[in-house]
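Tertiary structure, described
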Amino acid sequence: MKHTEVKSSVQPIDCSHYINGKYVKSGNGETFENINPATEEKLGDVQIGSKEDIDQAVGVARKALKGEWKDMPAQKRSRILRKIGDLILERQEELATLETLDTGKPIWLSRSVDTDRAANNFYFFADYMTTVGNESYQQDDTAIHYSIRRPVGVVGLINPWNLPLLLMTWKLAPALAAGNTVVMKPSEVTPMTATVLAEICTDAGVPDGVVNMVHGLGETGAALSSHPDVDAIAFTGETTTGTEIMKSAAPTLKKLSFELGGKNPNVIFADADLEDTIETTIRSSFMNQGEVCLCGSRIYVERPIYEEFLEKFVAKTKEIKVGAPFEEGTFMGALVSKEHYDKVISYLDIAKEEGGTFLTGGTASKGFDKGYFVDPTIITGLGKDSRCVREEIFGPVVTVIPFDTEEEVLDQVNDTHYGLSASLWTSDIKRAHRVGGQIEAGMVWINTWFLRDLRTPFGGMKHSGIGREGGAHSFDFYSELSNITVKL
């Protein structure tokens, strides 16, 4: 049997709440176990936040809005954000190890994507906050109008389990840059890196009470999203959870920013650079075990190259090493939890019932005595109305469908409730613009995938989200504008 032992001196941690600059236990004394998805072993205990814990954290954050954070010069706040980035990199090995223990992803991915990009989020917004400008207009000789920007207030940050550190920093960095105070609620499945991140903020010079964190389950998140003294909620996660948060937030008219699910298309035309396309499609299909909201799980291939693409794609997929997360050469690790593993396996059963043909995978990975491992799976022969084509699986499972015309593929690509991202592969730049502009998605990549500039808008259409993040879009959400008019 394969083994999944930790090859690191970093040890897992128990996870307490972080309120007013200190780790604290739940008032109710309740905890749950944090489980390593690669070994099924206990990593530690996690506090279950009650409504009273949320009340305490929100109260502290509300008080901190009126403290030194409110009047801190922008350049000083910028230096603190940059210091947070520095400390993330100083503790990179610790954070990467905890991330891999929590998620089951390969250690190389935790180092090269999760921690590196987490630090870069703080570096980017540390610089960006010092360059943000506001509008001003002279109305002939009548008046001058100018706007000022102020923090939105106390912001609740509710985070998913697939990229826990990266996505928490993607929200925390601009929230702090804009001068807000926050209460973080990490996913109960992946609590460890957020626990360390809260302490890093204090070590970097963030005043007590500005960054708070409460662990817990769904009830904890509901208490945060419905709290009358929380002014905004930023959430990344499943669409169904987003609708529940919206219901909870509605009575107090909170600002909402949602990045939700996706069932993203990958459209490959016959004139594409096939070698580059396949190499990137391996990543966009199976990186992080397919547990990325931007993964291209619906692959459409123009018929003249359909068979050639399949042959080469299948061959490359069969080279993927599914292995222990800390083992050298592992490209895919374990799925994040038993619950999610069962969901992915259930969709493989559905695909079989619907008449799908499995060219690779289709089963749990063989040879593991413990852990939630699933082989990378390529399915053909499914119709456009198949559940596996229409519903978000969020695992290492892709469907491949041939097409003949632009009109046909656009109809299929846009026939979905989702609209997060898409990839388009072609050597014809006119076609790239023509087709790319008709895809109903918040982000369309042409001849690439997962390439980001943090100034650009990030977010989805339809059931894939509300609002946009990145650059000015993040600042618009995490701040309020007041227009001031001076009569001349």
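Whatever comes next refers back to the structure up there.
Residues numbered from 1 in each chain as written. Predicted model: local features only at pLDDT ≥ 70, side-chain atom pairs only at ≥ 80, totals over all residues. Heavy atoms only, no water.

Before going further, it helps to examine the nonpolar core. Leu 172 and Leu 294 are the most contacted members of the largest nonpolar core, which has 81 residues in total. The element best represented in this core is helix 5 (residues 107-128), accounting for eleven residues. Apart from residues no more than four positions distant in its own chain, Leu 294 is found in contact with Asn 264, Leu 420, Ser 421, Met 443, Trp 445, Trp 449, Phe 450 and Phe 458. (Core = buried A, V, L, I, M, F, W, Y, C linked by side-chain atoms within 4.5 Å. Buried < 20%, exposed > 50% of the residue type's maximum accessible area, 1.4 Å probe, protein only. Helix = DSSP H or I, 4+ residues; strand = E, 2+ residues; numbered from the N terminus. Contact = heavy atoms within 4.5 Å.)

Before going further, it helps to examine the sheet that holds strand 13 (residues 296-302). The strand order 14-15-16-13-12-18-19 describes an open sheet built from seven strands, whose pairing is mixed. Both outer strands of the open sheet, strand 14 (357-360) and strand 19 (443-446), are each paired with one neighbouring strand and no more. The mean angle between the axes of side-by-side strands here comes to 25°, regardless of whether they run parallel or antiparallel. Where strand 12 (residues 264-268) lies against strand 18 (residues 421-425), three bridges are found, and the strand directions are parallel. Its bridge partner lying in strand 18, Val 267 is registered against Leu 424. (Pairing = 2+ DSSP bridges. Axes fitted to C-alpha atoms, helices over the stretch in contact; angles between N-to-C directions.)

Let's shift gears to the sheet that holds strand 22 (residues 479-487). Reading across from one edge, 5-6-22 is the order of the three strands in this open sheet, with antiparallel pairing throughout. In this open sheet, the two edge strands, each paired with only one partner strand, are strand 5 (136-139) and strand 22. On average, each strand axis in the sheet is inclined to that of its neighbour by 20°, with strand direction left out of account. Examined bridge by bridge, strand 6 (residues 143-151) and strand 22 share nine bridges and lie antiparallel to one another. Among the inter-strand pairings, Ile 144 is bridged to a residue of strand 22, identified as Val 486. Together, strand 6 and strand 22 form the strand contacts of helix 16 (residues 471-478), whose direction differs from that of strand 22 by roughly 80°.

No statement about biological role is implied by the geometric values presented.
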